[in-house]
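Take a look at the letters that make up each chain.
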Amino acid sequence: MIENNTIFSLSSGAGMAGIAVIRVSGPNAFTSLDLMCAKSITPRNAVLRKIRHPISNEILDEGLVLKFPAPATFTGEDIVEFHIHGGHASIKAVLDGLGEISGFIQAEAGEFTRRAFANGRLDLVEIEGLGDLLHAQTQAQRQQALAQTQGLASKVFENWRQQIIEILAYYEASIDFVEEEDVDERALQSQMKKMIHLRNEMTRHLTDSARGVGIRDGVKIVFVGEPNVGKSSILNYLANRDVAIVSDIPGTTRDTIEVQMDIDGIPVVFTDTAGLRSKTDDLIEREGIRRTEQKSLEADIVVWVVESGQYFNDLDVQTHGEIIKVINKIDKAALSIEKNDDVLEISVKTGQGMDELLVCLTAKVSQLFGGKEPALITRQRQKQALESCLTYVDLAINTGHDSLEISAEHIRLAAVELGRLVGRVDVEDLLDVIFSDFCVGK
């Protein structure tokens, strides 16, 4: 619920800088200009002004001031920006001055964006994209998040919703005249074809959701294998630093260790895991093995490591992702047992084959997650909403024309799920979670 308070906050980064931006938004935003700047200001023009304390009239700083009248602003409200010197004392003085104005309160994290949502300036998918853009660390994350903020996905989702509503309207009209001869069976069949086409399009994008979620959260690459085969050494080599303890003692790695990297612009999370073996009396090691098995199931790519003299079928590695097989420590053996085109031979100790491993990983990541248009689905919440929508669409298709009332209800529920996807209905409980990731001032 948006109150009538006017909010303000530092919108640029904290710490000493050349320029700091303080943003004010709300019904009385322009009051700050009347009280803190002596002369009037033309909307959407940056002007140099002395900025004064609203009560004592003390000069606090001198900087550029801008005013943006509603509704054509980020929040949909009147907005004022003070571009001042970026020293801590200057920022504090202006913020303290704004706090002295009646009805002005410090903004909470994400509150400017929350007002933009409440005033219809952004929908929920665009807001989630904005949050991802603020946290983006790689090119792929930036490109995907930027597409979301520009409404690429929202336009598709809204188009789906409108199509479903049109189909629903026809079904409901047919129910009203079901006893009449005016009900056109061929027209109903035409609506069914539209629904099937829509279902297929949704399914295609749902299948692509793994790519969107992977780019947002990081592609999960998990190293698995028996104890002491060199998984930690490989991770340290790729990370170019010692992030995992390396020892000749089997079972040194007891828990998962994660390292984030950038591969060809795509975020990757490498995970070192406890060594797998069928029997151990060590309770801590058994818990580590359980976590290894769980990470393997969740992985996008599993790097299965053995050392020369071992067989891959000595272990049962379960995963839903791709598998890259690696034989390590080839410097210790003259001939590898399972050498073929699908197996990489490496030696972390000598560096042999490590470039080939990195090339293989890069190619696999690019194949699975790169080289395409930005994905529409980038979060689990979006994926679940689309899955629910598809469930109701499938139910409507399967029901067919045997019961128009039941089919219409399924279609209505499908439209509701798409409404939840873009934030049109029943999303108040999600807002606190979504905006908690935003910085203050955005």
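Keep in mind the model is a prediction, meaning the values are calculated, not measured. (Residues numbered from 1 in each chain as written. Predicted model: local features only at pLDDT ≥ 70, side-chain atom pairs only at ≥ 80, totals over all residues. Heavy atoms only, no water.)

> It is not clear to me how the packing of aromatic side chains should be interpreted in this structure. Could you clarify?
Enumeration over the complete set of coordinates arrives at 2 aromatic pairs. Ring centres of Phe-157 and Trp-160 lie 5.6 Å apart, and the angle between their planes is 55°; on these two criteria the pair is classed as tilted. Of the two residues, Phe-157 and Trp-160 are both situated in helix 6 (residues 152-176); the distance of 3 residues between them amounts to about one turn of the helix. With relative accessibility at 1%, the residue Phe-157 sits in the buried group. Between Phe-223 and Phe-270, the aromatic rings sit 5.7 Å apart at their centres with planes inclined by 35°, giving tilted as the arrangement. (Phe/Tyr/Trp six-rings, centres within 6.5 Å; stacked < 30°, edge-to-face > 60°. Helix = DSSP H or I, 4+ residues; strand = E, 2+ residues; numbered from the N terminus. Buried < 20%, exposed > 50% of the residue type's maximum accessible area, 1.4 Å probe, protein only.)

> When you look at helix 9 (residues 231-239) in this model, what are you seeing that I'm missing?
Since the α-helix turns once every 3.6 residues, residues separated by three or four places project in the same direction. Of all 9 residues making up helix 9, 7 are buried, and the element is well covered by its neighbours. Three or more residues of helix 9 are buried, namely Lys-231, Ser-232, Ile-234, Leu-235, Asn-236, Leu-238 and Ala-239. At the exit of helix 9 stands Asn-240, carrying a positive phi of roughly 60°.

> Just to check I follow, could you spell out the environment of Ser-12 for this structure?
Tracing the backbone shows Ser-12 in the loop between strand 1 (6-10) and strand 2 (17-25). Ser-12 sits in the partly exposed class, given a relative accessible area of 22%.

> Even after reading the chapter, I still don't get empty space enclosed by the protein, so can you show me in this structure?
Vacant regions in the atomic arrangement are exposed by a probe of water-molecule size rolled over the atoms. Enumeration over the complete set of coordinates arrives at 1 cavity of 30 Å³ or more. Estimates place the volume of the largest cavity at around 30 Å³. Lining of the largest cavity is provided by Ile-164, Ile-167, Met-195, Leu-198, Val-393, Ile-411 and Ala-414. Secondary-structure elements contributing two or more residues to the lining of the largest cavity are helix 6, helix 7 (185-207) and helix 13 (404-422). (1 Å grid on protein atoms, 1.4 Å probe; cavity = no way out; pocket = protein on both sides within 12 Å on 5 of 7 lines; lining within 4 Å. Points joined across faces, edges and corners; volume = space filled by probe spheres on them.)

> How should unusual backbone geometry be read in this particular structure?
Across residues other than glycine, the phi torsion is negative in most instances, and most of the peptide bonds are trans. Omega for the peptide link from Ala-70 to Pro-71 comes to 5°, which places this bond in the cis form. In this structure, Pro-71 sits in the loop between strand 4 (59-68) and strand 5 (79-86). Phi angles above zero are rare outside glycine, and Asn-57 is one such case at about 65°. With respect to the secondary-structure elements, Asn-57 resides in the loop between strand 3 (47-52) and strand 4. The residue Asp-264 is not glycine, and still its phi comes out positive at about 55°. Along the chain, the position of Asp-264 falls in the loop between strand 8 (257-263) and strand 9 (266-272). The class of Asp-264 is exposed, set by a relative accessible area of 60%.

> Hey, could you run me through the pairing of strand 9 in this one?
If a strand is regular, its side chains alternate between the two faces of the sheet. In terms of residue burial, strand 9 counts as a mostly covered element, since 7 of its 7 residues are buried. Because side chains alternate across strand 9, one face comprises the buried residues Ile-266, Val-268, Phe-270 and Asp-272, and the other comprises Pro-267, Val-269 and Thr-271, equally buried. Summarising the sheet, strand 7 (residues 219-225) and strand 9 pair through 5 bridges and their orientation is parallel. Bridged to Ile-221 within strand 9 is Phe-270. Across 7 bridges, the pairing between strand 8 and strand 9 is antiparallel. Note on strand 9: the bridge partner recorded for Ile-263 is Ile-266. (Pairing = 2+ DSSP bridges.)

> Which parts of the structure should I look at to understand the pairing of strand 10 (residues 301-307)?
The element strand 10 is extensively covered by neighbouring structure, given that 6 of its 7 residues are classed as buried. Where strand 7 lies against strand 10, 5 bridges are found, and the strand directions are parallel. Paired with Phe-223 across the bridge in strand 10 is Val-303. In the sheet, strand 10 pairs with strand 11 (residues 322-328) via 7 bridges, with the strands oriented parallel.

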